[in-house]
Amino acid sequence: MLDTRARPLRDLRISVTDRCNFRCTYCMPKEVFGRDYRFLDRRELLTFEEIARLATQFVSLGVAKLRITGGEPLLRRELEELIAQLAPLGAEVTMTTNGALLPAKARLLADAGLDRITVSLDSLDDESFRALNDVDFPVARVLAGIESAAAAGLPVKVNCVVKRGVNDGEILALARHFHGTGHTLRFIEYMDVGHTNGWRLDDVVPAAEIVSTISAELPLEPVDPGYRGEVARRYRYADGGGEIGVIASVTQPFCGDCTRARLSAEGKLFTCLFALRGHDLRAVLRGGASDDELAETVRDVWERRSDRYSELRSTATDGLEKVEMSYIGG
Ligand code: SAM
């Protein structure tokens, strides 16, 4: 099954909630996501059974990787029960989390069949981390979460979004910290997702600059991509200290290889991170569709897909409305 640009569907990102226990200033600023913000109601969310039923159809259409995200996915109660329903489908099951609740959850998730985990961490400096998450959450507890995941046997990646003037001074400290630990650190260019973060091109630290900053102290060499559609460009430390990745979504867009679809917590299917609208799969599901009809709906959406926002990004795309990152999950 290919879209209009001959791209297959390989990855599905599933958001399980639009709520988060952090208020990262660039993602869920308090001024917008405050007391009056209307989050999705419980009845609006897909149930675990509905998610698993949809995921089954996506796997039958070629999806090989399911990534659970949010909001903060670990806020969804008994998430391990969803993992247990997804694990037998035959796709790899992964999760992206801020790590805050991992000390209590890592073992349950691993036992339920989670294959890997990605923890977001933008700073190692406690003061700046507390300011960034804007709920005064200490960095030590995220580091404890990473350790719990590793202790439970989960391979760990650590994702850091770099924003100029905010945490670009922390790139080396992060690289030093994770060098030699076996946890792959990946740096992500700050993107113009949503419209609440006031994004400007000047805020972006290009991936090439991140690589040269690290390489000046800890020499790096490029590694060949592992598979088609791998978003991170990989580098290995010349001294054998492991790998890092950079995701150059702004300076080197990879739409041509994008094999991802995204399912929001209320069951809308998005075929681009920068889209405004998604296709309402919950309505199809709750309208009594059969499994075949569900699969046909997804096929139809994918075969009409032509998105390539990041390749078109320009002043012309500046004013476009887009879905929020905290809604769709990255
Ligand atoms: N709460 C989970 C977490 O912290 O990983 C999952 C959802 S969060 C929206 C997913 C990722 O999106 C986080 O790593 C966050 O840093 C990243 N993110 C949010 N806004 C971004 C932006 N404008 N550009 C790049 N990454 C962004």
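Below, the structure is looked at part by part. (Residues numbered from 1 in each chain as written. Predicted model: local features only at pLDDT ≥ 70, side-chain atom pairs only at ≥ 80, totals over all residues. Heavy atoms only, no water.)

**Some details on the site of the ligand**
Here is step 1 of the chain: Every one of the 18 residues lining the ligand counts as a neighbour, but Tyr-26, Gly-71, Thr-96, Ser-120 and Met-191 are closest to it.
Here is step 2 of the chain: The contact in question runs from a nitrogen atom of the ligand to an N or O atom on the backbone of Gly-71, over 2.9 Å.
Here is step 3 of the chain: Here Met-191 contributes a backbone N or O atom positioned 2.8 Å from a nitrogen atom of the ligand.
Here is step 4 of the chain: Within the complex, the protein chains bury 92% of what would otherwise be the 550 Å² of accessible surface of the ligand.
Here is step 5 of the chain: Here the residues of the shell around the ligand are counted per class, giving 7 nonpolar, 9 polar and 2 charged. (Near = heavy atom within 4 Å. Polar contact = N/O pair within 3.5 Å; in protein donor to acceptor, adjacent residues only side chain to side chain. Areas by Shrake-Rupley, 256 points an atom, 1.4 Å probe, with all protein chains shown as cover. Nonpolar A, V, L, I, M, F, W, Y, C, P; charged D, E, K, R; others polar.)

**Things to note about helix α6 (residues 171–178)**
Here is step 1 of the chain: Among all positions in α6, only Ile-171, Leu-174, Ala-175 and Phe-178 are buried. Summarising the axial view, the buried residues of α6 lie within an arc of 100 degrees, below the 170-degree limit, and thus occupy one face.
Here is step 2 of the chain: Buried residues belonging to α6 abut α5 (139–151), β5 (156–162), β6 (184–189), α7 (207–217) and β8 (233–237).
Here is step 3 of the chain: Count one or two residues on from α6 and you reach Gly-180, which has phi positive near 80 degrees. (Buried < 20%, exposed > 50% of the residue type's maximum accessible area, 1.4 Å probe, protein only. Helix = DSSP H or I, 4+ residues; strand = E, 2+ residues; numbered from the N terminus. Arc of directions from axis to C-beta. Contact = heavy atoms within 4.5 Å.)

**Section: the nonpolar core**
Here is step 1 of the chain: If you look at the biggest cluster of nonpolar residues, it comprises 108 residues, and the most contacted ones within it are Leu-66, Ile-68, Met-95, Leu-121, Phe-187 and Ile-214.
Here is step 2 of the chain: Top element by residues in this core is helix α1 (residues 48–60). It accounts for 7 residues.
Here is step 3 of the chain: In this structure Ile-214 touches Ile-171, Leu-172, Ala-175, Phe-187, Leu-220, Tyr-237 and Ile-244, once residues within four positions along its chain are discounted. (Core = buried A, V, L, I, M, F, W, Y, C linked by side-chain atoms within 4.5 Å.)

**Structural notes on the side chain of Asp-203**
Here is step 1 of the chain: With respect to the helices and strands, the residue Asp-203 is situated in the loop between β6 and α7.
Here is step 2 of the chain: Note on Asp-203: relative accessible area 6%, which makes it buried.
Here is step 3 of the chain: Setting aside its immediate chain neighbours within four residues, Asp-203 contacts Val-162, Lys-163, Arg-164, Tyr-190 and Gly-198.

**Comments concerning the pairing of β5**
Here is step 1 of the chain: Among the 7 residues in β5, 6 count as buried, and that is most of the element.
Here is step 2 of the chain: Note: strand β4 (residues 116–120) against β5, 4 bridges, orientation parallel. Counted as the bridge partner of Val-119 is Val-158 from β5.
Here is step 3 of the chain: Of the strand pairs in this sheet, β5 and β6 are connected by 6 bridges, and their pairing is parallel. Across the sheet, Cys-160 pairs through a bridge with Phe-187, a residue of β6.
Here is step 4 of the chain: With α6 bridging β5 and its parallel neighbour β6, the resulting β-α-β unit is right-handed. (Pairing = 2+ DSSP bridges. Right-handed = clockwise from strand over helix to strand, strands pointing away.)

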